[in-house]
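These are the residues of each chain, in order.
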Amino acid sequence: MRQAGRYMKSYQAICEKYPSFRERSENVDLVVEISLQPWQVFRPDGVILFSDILTPLSGMNIPFDIVKGKGPVIFDPLSTAADVEKVREFIPEESVPYVGEALTILRKEVNNEAAVLGFVGAPFTLASYVVEGGSSKHFTKIKRLAFSQPKILHALLQKFATSMAKYIRYQADKGAQAVQIFDSWATELSPVDFEEFSLPYLRLIVDSVKQTHPELPLILYASGSGGLLERLPLTGVDVISLDWTVDMAEGRRRLGPDVAVQGNVDPGVLFGSKEFITNRINDTVRKAGKGKHILNLGHGIIVGTPEENVAHFFEVAKGLRY
């Protein structure tokens, strides 16, 4: 659930040498090196491209940076129809060629011993960042726009949906064997607003990608999605990633038999004893039932997590048999 081992000493060493997140995520050699770090040590089943959901913004004429200790900063937040008009449709091969190059190299390096995963941000989440100007606590600006000038927001969401469908195809063509869609902020919406401002655009992306890449597995992750679970399979994705606030057995029941699940051990569990970690893994796997389950954490690994506990997670996971 975390594309870089931010908890890993080897990653922290790279950060000291290259303090700019954008440099780390836009330089092919660094992207490949960082993507491979957890895989070289722990040998998980997936290798996740080191990138960010905001990486496409520059290519869409939305200048941004990711500032240490502060997170994403959008220099000119969008608020009017004229602002949305200026947003360009994303052309990945022109704007982010380093992503394609890195994915192609990763496929060679990993040599089919693990799946190479790409990822994108969902339209509502990307819109939240660019309207709020960065992360937000109350999402006042995006909600003001949604509830007072919905046309403007829909125009922006449409641009993001078309662009992200293109970006998923590009990642798949360059080597990604599955792609995860992050709709981190969709869970700030009430169910009725989710159905207007998030669901149709997720569906649009999935439908569009499945036309050209019917075999590409698509995963949807939205942290805190307990109140929206039944609506998530309506997007048409293949896998729903659950966070740890939903009981795995209940989540399974609520999602129905047709969709696979991913998750959902609390990342905080990795601060517990090895015995505690083992028990929680077994509990999750038992509740998920047989098949259609990707064992994972319910969110990214927390910085400061002991690396030997991460290693233990993988050892236990690989030793499990149905």
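Here the structure is a predicted model, which is why all the values come from computation and not from measurement.

A. Region of the structure containing the pattern of salt bridges. In total, this model carries 8 salt bridges according to the counting rule given. A salt bridge links D238 to K210; the shortest N-O distance between them is 2.8 Å. Here D238 is found in the loop between β6 (218–221) and β7 (239–241), whereas its partner K210 is found in helix α11 (residues 199–212), with 28 residues between them in sequence. Here D247 ties to K287 by a salt bridge, and the two come within 2.8 Å at their closest N and O atoms. Residue D247 is located in the loop between β7 and α12 (248–255), and its partner K287 is located in helix α13 (residues 274–288); the two are separated by 40 residues in the primary sequence. Owing to a relative accessible area of 25%, D247 belongs among the partly exposed residues under this scheme. Three or more residues are tied together by salt bridges with common partners; here these are D247, D283, R286 and K287.

B. Structural detail: the sheet that holds strand β5 (residues 178–182). With respect to topology, 7 strands assemble into an open sheet ordered β1-β4-β5-β6-β7-β8-β9, the strand pairing being parallel. Of all strands in the sheet, those bounded by a partner on one side alone are β1 (46–48) and β9 (293–297). When strand polarity is set aside, the average angle formed by the axes of neighbouring strands in this sheet is 25°. Note that β1 and strand β4 (residues 115–121) share 3 bridges and pair parallel. Residue G46 lies in a different strand from β4, and its bridge partner there is A115. This element, α11, spans β5 and β6 of the sheet and lies at about 165° to β6.

C. Quick look at the packing of aromatic side chains. Counted by the stated rule, this structure contains 11 aromatic pairs. Taking 5.1 Å as the distance between ring centres and 90° as the angle between the ring planes, the aromatic pair formed by F90 and Y167 counts as edge-to-face. Remark: Y167 occurs in helix α9 (residues 150–174) and F90 occurs in the loop between α4 (81–85) and α5 (92–95); sequence separation between them is 77 residues. The burial state of F90 is the same as that of Y167; both residues are buried. Grouping aromatic residues by their ring pairs yields a cluster made of Y7, F42, F313 and F314. If you follow R22 out to its NZ or CZ, it ends over the ring of F64, 4.4 Å from the centre. Sitting over the face of the ring of W39, R43 holds its NZ or CZ atom 3.8 Å from the ring centroid.

Reading the values: the criteria
Residues numbered from 1 in each chain as written. Predicted model: local features only at pLDDT ≥ 70, side-chain atom pairs only at ≥ 80, totals over all residues. Heavy atoms only, no water. Salt bridge = Lys/Arg side-chain N within 4 Å of Asp/Glu carboxyl O. Helix = DSSP H or I, 4+ residues; strand = E, 2+ residues; numbered from the N terminus. Buried < 20%, exposed > 50% of the residue type's maximum accessible area, 1.4 Å probe, protein only. Pairing = 2+ DSSP bridges. Axes fitted to C-alpha atoms, helices over the stretch in contact; angles between N-to-C directions. Contact = heavy atoms within 4.5 Å. Phe/Tyr/Trp six-rings, centres within 6.5 Å; stacked < 30°, edge-to-face > 60°. Lys NZ or Arg CZ within 6 Å of the ring centre and 35° of its normal.

By themselves, these are just geometric observations and shouldn't be taken as functional.
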